[in-house]
Amino acid sequence: MIAFHRNALAQEMVNALQGLSLLGDAHNGLFLAAPRRTGKSTFLQGDLKPALQAAGVVVVYVDLWADARRDPGVLIADAIARALEPQLGVVARTARRAGLDKVKVGGLEVDTSKIGRVDGLTLTEALRLLHENAAQPVALIIDEAQHALTSEAGEAAMTALKSARDQLNQPGRINLMLVMSGSDRDKLLRLVNTAGAPFYGSQIQRMPPLGPDFIAHVAGLIEAQRPSLAPVDQALLLQAFEVFGHRPQFFMAALGQVLSPLAAVEGRFEPALMDAAQDRQSQDEAQMESDYLGLKPTEQAVLWRMLEQGPRYRPYDAEALRFYADKIGRPVSAAQAQRALESLRQRMPALVWKSARGEYAVEDAAMHRWFEQRRQSGQWPPASSQGLLPLDDD
């Protein structure tokens, strides 16, 4: 993967987090939504984190999908604890040499055997310690933040971070900056859009996708390495990139293939790249159709309802149960709908996401786009080419 930096965008976000620009209410928390594999995590780690550090900010980064087996609340606490280690290491060593089990740091009593861990400290206390010992503002970047809602500990961590923000920040002085990113805007909205949400009232910002600047950078590299291909048709490259869903990994892999000396590409490479993009789009859509057709009737009806309703989806209300029954031709109980939902969650990869509060959503937001395209073209629901119905639920 080539290195491409969006320094101007990163600096704009740094200014907003510091309360120096008018980018929404970012000083209260910056919430960024962008589809999967579009370069969001690369930007957060490779551009935003260094820009914050250059501005004199201690940065804590945690990806809640880095280890799906661990509770997201624990992942957040551990990330803060690791950031504390270098700050409190000298304190811990000094205390141990003096034979002390506990030491006062910043007015808090810390167990020296647990320095670098948040055991016994609230997240607010740990973040205050980090800020005071570093003598710098702290920025906490949580990638795939919507995953925090899948556990009670994760939800509690989000509420604690909101409290920490309120306690540590003062008028005209921001000591704690929060950046929450998510690959599904509907899920990320659950952090901000109800009175009981941890960050109620905050706004979700759509992270700008890579675009013409990225394509110009790629075209420049191609022309430098293969002068015979100059000038590169940047408009066609951009069109292909858009068909790839603005996903640089797939785009660059296909570009490498069509530019390979072993590739049987006749004439210009740009049309071949567009063909590869359209093939990838067809493969993605075929995979979603195959997944859908492989479901049992009740599972199909439940997923259909979820795709149609989006964040308004309620799995067991009377309207939903009537919808399921209408689609499969027989009554569906709440218990049967629940079993279907659990089956969709247990698939590998999972088709359905569930929050700790029992809210459900489609796992991959790309499925919503596929559903809308099929519906608008009159091709919904998908039909088996064999004309066979999937196996019954029973």
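Refer to the preceding data block for the structure.
Residues numbered from 1 in each chain as written. Predicted model: local features only at pLDDT ≥ 70, side-chain atom pairs only at ≥ 80, totals over all residues. Heavy atoms only, no water.

Student: How would you explain the pattern of salt bridges if you had to name every residue and give the values?
Tutor: Applying the stated criterion to the full structure yields 19 salt bridges. Linking Glu 155 and Arg 357 is a salt bridge whose minimum nitrogen-to-oxygen distance equals 2.9 Å. With Glu 155 in helix H5 (residues 152-168) and Arg 357 in the loop between strand E8 (352-354) and strand E9 (360-362), this residue pair connects regions lying 202 residues apart in the sequence. Residue classification places Glu 155 among the buried residues on the basis of a relative accessible area of 16%. By relative accessible area, Arg 357 is classed as exposed at 52%. Each of Lys 40, Asp 143 and Glu 144 takes part in a single network of salt bridges with overlapping partners. (Salt bridge = Lys/Arg side-chain N within 4 Å of Asp/Glu carboxyl O. Helix = DSSP H or I, 4+ residues; strand = E, 2+ residues; numbered from the N terminus. Buried < 20%, exposed > 50% of the residue type's maximum accessible area, 1.4 Å probe, protein only.)

Student: So what's going on with the layout of surface pockets? Residues and values would help.
Tutor: Approximately 440 Å³ is the volume attributed to the second largest pocket. Lining the second largest pocket we find 25 residues, and of these Thr 38, Gly 39, Lys 40, Thr 42 and Pro 248 sit closest to its centre. Sorting the residues of the lining of the second largest pocket by element identifies helix H2 (40-54) and helix H9 (248-259) as the ones contributing at least two each. Sort the elements by how many residues they give to the lining of the second largest pocket and H2 lands first, with six residues. (1 Å grid on protein atoms, 1.4 Å probe; cavity = no way out; pocket = protein on both sides within 12 Å on 5 of 7 lines; lining within 4 Å. Points joined across faces, edges and corners; volume = space filled by probe spheres on them.)

Student: Before we move on, could you go through the nonpolar core and cite the residues and values that matter?
Tutor: Within soluble globular proteins, side chains that are nonpolar generally end up buried alongside one another. With 42 residues, the main nonpolar core has Ile 76, Ile 142, Met 158 and Leu 161 as its most contacted residues. When contributions to this core are tallied by element, the ones reaching two or more residues are strand E1 (30-33), strand E2 (58-63), helix H3 (72-97), helix H4 (123-134), strand E5 (138-143), H5, strand E6 (176-182) and helix H6 (185-189). With seven residues, the single largest contributor to this core is H3. Every residue in contact with Leu 161, bar those within four places of it in the chain, is listed here: Ile 76, Leu 123, Leu 127, Leu 140, Ile 142, Leu 176, Leu 178, Met 180 and Phe 199. Counting residues in each nonpolar core, the second largest holds 26 residues, with Tyr 313, Tyr 324, Ala 340 and Trp 380 among its members. (Core = buried A, V, L, I, M, F, W, Y, C linked by side-chain atoms within 4.5 Å. Contact = heavy atoms within 4.5 Å.)

Student: Mind laying out the environment of Ala 145, listing which residues take part and the relevant values?
Tutor: Here Ala 145 shows up in the loop between E5 and H5. Ala 145 sits in the buried class, given a relative accessible area of 0%. A sequence separation of 83 residues divides Ala 145 from Val 62, and the C-alpha atoms of the two residues are 9.2 Å apart. Those residues within four positions of Ala 145 in sequence are excluded, and the remaining contacts are Leu 64, Met 180, Ser 181, Leu 188 and Leu 191.

Student: If you had to explain the sheet that holds E1 to someone new, which residues and values would you point to?
Tutor: Read from one edge to the other, the open sheet built from five strands follows the order E2-E5-E6-E1-E7, with strand pairing classed as parallel. Bordering the open sheet on either side are E2 and strand E7 (204-206), each of which pairs with just one other strand. Going from strand to strand, the sheet's axes swing by 20° on average, the running direction of each strand aside. Note that E2 and E5 share six bridges and pair parallel. Bridging across to E5, Asp 63 finds its partner in Asp 143. Contacts from H2 reach E1, E2, E5 and E6, with the element oriented near 180° to E5. Against the sheet, H5 contacts E5 and E6, and its axis sits at roughly 150° relative to E6. (Pairing = 2+ DSSP bridges. Axes fitted to C-alpha atoms, helices over the stretch in contact; angles between N-to-C directions.)

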